[in-house]
Number of protein chains: 2
Amino acid sequence: MRSFELLDAQVGFTGKFIRAGVERFRHDDGQLVSRDKVWHPGAVGVLAVDERHVWLTRQPREAAGVSDSLEVPAGKLDVPGEPRLECARRELAEEVGKHAGHWEEICSFLTSPGFSDERVWLYFATELRDADAGSEPEDDERIEIVPWPLHRLDEALAGCEDSKSLIALLWLGRRRATGRGE
Amino acid sequence: MRSFELLDAQVGFTGKFIRAGVERFRHDDGQLVSRDKVWHPGAVGVLAVDERHVWLTRQPREAAGVSDSLEVPAGKLDVPGEPRLECARRELAEEVGKHAGHWEEICSFLTSPGFSDERVWLYFATELRDADAGSEPEDDERIEIVPWPLHRLDEALAGCEDSKSLIALLWLGRRRATGRGE
């Protein structure tokens, strides 16, 4: 049960995939609050691991001012009606050229719940094989494939600085430490 | 060195603490890209641990549609000129009523670099003692203090769903597993 209700929403900006504005809420005790709000379609991230590597990407993240962000493959839920797992399969093929025989949901999380409804679903993908040609990233994505040696996981953690990749790699380290890793 | 330059920015929405709009960039090879953009002042999160507890909070996150988000204490860098560590000290006192004798920066990360420049700095705070009265959260924050038993860290991880808390608690689990914990 929510302890508040949405009174109204004002959209001040509509972009390619986000909208931004203000929402007003009333809590059960009558208090009114207004919150800056970003509406986001959500996203998936994929922790793809084979015997020797975790498959990462490097790409510019212009909005964050980063030239070569080291990340797990990921993508927005921007195809209407596409199930999340299908989106994850598509992104893994497009970004690192792999299919996976086994999929497992790790968790979902909110990137920044103070102002955004963006939720990211993280998947663990194993039993990897090369994808067919023809799966390519979008034109304005500049994605380099980075097969990262599993024995250097600590360095991957030090090199990543986005939330989904840190959560995925910390989870992987924990799984491997407890003997449940691939 | 960045491999792209900012050409221009258009702000479409200005809220209480975020702005949203579009930025255009030119990459070194001439390609032009435009990106949805949210400007954010950044934030701090505090992993506060004593002998028996990690100190968490529960609060509504209206923009994300969550009534009782379990999180580490945190706050926006919204006081001009305030150093990050000072902000962390203030938030720890305001949100859970504690001072800390020892502070250590864990890492900083980008919550969602595809569209936002929000960076969160995470701190590890130990040697806790009660703060003086008079440190209170803002009026429209509805914050419950949750001292969470350290031996139930896995349940805290299962109960948190925001990026900063997951990263902080996964980091804590790792530190305790390797014998460097408090």
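I will try to describe carefully the structure that is included in this document. (Residues numbered from 1 in each chain as written. Chains lettered and ligands numbered in written order. Predicted model: local features only at pLDDT ≥ 70, side-chain atom pairs only at ≥ 80, totals over all residues. Heavy atoms only, no water.)

1. Description of the overall build of chain A
When you go through chain A residue by residue, the secondary structure sums to 3 helices and 10 strands. Taken from the N to the C terminus, the helices and strands of chain A come in the order β-β-β-β-β-β-β-α-β-β-β-α-α. Here the C-alpha coordinates of chain A stretch approximately 55 × 40 × 30 Å along the principal axes. Scored against the burial criterion, the 182 residues of chain A give a buried share of 53%. (Helix = DSSP H or I, 4+ residues; strand = E, 2+ residues; numbered from the N terminus. Buried < 20%, exposed > 50% of the residue type's maximum accessible area, 1.4 Å probe, protein only.)

2. Focus on the interface of chain A and chain B
With 59 residues of chain A in contact, the opposing surface of chain B contributes 59 residues. Three residues stand out in chain A for area buried against chain B, namely Asp36, Glu62 and Ala63 of chain A, and they jointly supply 13% of the buried area on that side. Where chain A packs against chain B, one counts 8 salt bridges. Between Arg142 of chain B and Asp29 of chain A there is a salt bridge whose closest N-O contact spans 2.8 Å. Inspection of the region where chain A meets chain B yields 34 residue pairs in polar contact (both at pLDDT 80 or more). Secondary structure elements with two or more residues in the side of chain A that touches chain B: strand S1 (4-14), strand S2 (19-27), strand S3 (32-39), strand S5 (53-61), strand S6 (66-71), strand S8 (98-110), helix H2 (153-159) and helix H3 (163-177) of chain A. Looking at the side of chain A that touches chain B residue by residue, the classes come out as 23 nonpolar, 16 polar and 20 charged. (Contact = heavy atoms within 4.5 Å. Buried area = accessible area lost by both parts, 1.4 Å probe. Salt bridge = Lys/Arg side-chain N within 4 Å of Asp/Glu carboxyl O. Polar contact = N/O pair within 3.5 Å; in protein donor to acceptor, adjacent residues only side chain to side chain. Nonpolar A, V, L, I, M, F, W, Y, C, P; charged D, E, K, R; others polar.)

3. Looking at the relation of the copies chain A and chain B
Once turned by 180 degrees and shifted 0.0 Å along the axis, chain A lies on chain B with an RMSD of 0.0 Å. Both copies are brought into coincidence by an operation consistent with a two-fold rotation axis. Both copies present the same face, since 100% of the interface residues in chain A are matched by interface residues at the equivalent positions in chain B. (Least-squares fit on C-alpha atoms with pLDDT ≥ 70 in both.)

4. Thoughts on helix H1 (residues 84-96) of chain B
All names here are of chain B. Compared with an ideal rise of 1.5 Å per residue, which puts 13 residues at 18 Å, H1 spans 18 Å between its outermost C-alpha atoms and is within 8% of the ideal. Turning to H1, its buried residues are Cys87, Ala88, Glu91, Leu92, Ala93, Glu94, Glu95 and Val96. The elements touched by buried residues of H1 are strand S4 (43-48), strand S5 (53-61), strand S7 (74-76), strand S8 (98-110), strand S9 (119-130) and strand S10 (144-149). One or two positions beyond H1, positive phi appears at Gly97, with a value near 70 degrees. (Expected span 1.5 Å × (residues − 1).)

5. Considerations on the sheet that holds strand S1 (residues 4-14) of chain B
Residues and elements named next belong to chain B. If you trace the 3 strands from one edge of the open sheet to the other, you get S1-S2-S3, paired in antiparallel fashion. The open sheet has two edge strands with one neighbour each: S1 and strand S3 (32-39). Between one strand axis and the next, the sheet turns through 20 degrees on average, direction left out of account. Judged from the 9 bridges that link them, S1 and strand S2 (residues 19-27) form a sheet pairing that is antiparallel. Paired with Thr14 across the strands is Arg19, a residue of S2. (Pairing = 2+ DSSP bridges. Axes fitted to C-alpha atoms, helices over the stretch in contact; angles between N-to-C directions.)

6. What to know about the pairing of S6 of chain A
All names here are of chain A. Within S6, 5 of the 6 residues are buried, leaving the element largely enclosed by the surrounding structure. Where S5 meets S6, 4 bridges bridge the pair, whose relative direction is antiparallel. The residue of S6 that forms the bridge with Thr57 is Glu71. The antiparallel hairpin formed by S5 and S6 contains 4 residues in its connecting segment, where Gly65 sits at a positive phi of about 75 degrees.

7. What to know about the nonpolar core
If you look at the biggest cluster of nonpolar residues, it comprises 52 residues, and the most contacted ones within it are Leu47, Val54 and Leu172 of chain A together with Leu47, Val54 and Leu172 of chain B. Not counting chain neighbours up to four residues away, the residues in contact with Leu47 of chain A comprise Val54, Val72, Ile106, Tyr123, Phe124, Ala125, Ala168, Leu169, Trp171 and Leu172 of chain A. (Core = buried A, V, L, I, M, F, W, Y, C linked by side-chain atoms within 4.5 Å.)

8. Section: the environment of Arg89 of chain B
All names here are of chain B. Mapped onto the elements of the fold, Arg89 is located in helix H1. On the basis of relative accessible area, Arg89 is assigned to the partly exposed category, the value being 34%. Sequence separation between Arg89 and Arg61 is 28 residues; the distance between their C-alpha atoms is 22 Å. With near-sequence residues (within four places) excluded, Arg89 lies in contact with Ala100 and Trp103.

9. Notes on the packing of H3 of chain A against helix H3 (residues 163-177) of chain B
Running from N to C, H3 of chain A and H3 of chain B point in directions that differ by 25 degrees, and their axes come no closer than 10 Å. Judged by the angle between their axes, H3 of chain A and H3 of chain B are roughly parallel. The two elements H3 of chain A and H3 of chain B cross, and the hand of that crossing is left-handed. Contacts between H3 of chain A and H3 of chain B pair Ser163, Leu166, Ile167, Leu170, Trp171 and Arg174 of chain A from the former with Ser163, Leu166, Ile167, Leu170, Trp171 and Arg174 of chain B from the latter. For the contact of H3 of chain A with H3 of chain B, a count of residues per class yields 8 nonpolar, 2 polar and 2 charged. (Parallel < 35°, antiparallel > 145°, perpendicular 65-115°, else oblique. Left-handed = near helix turned anticlockwise from the far one by under 90°.)

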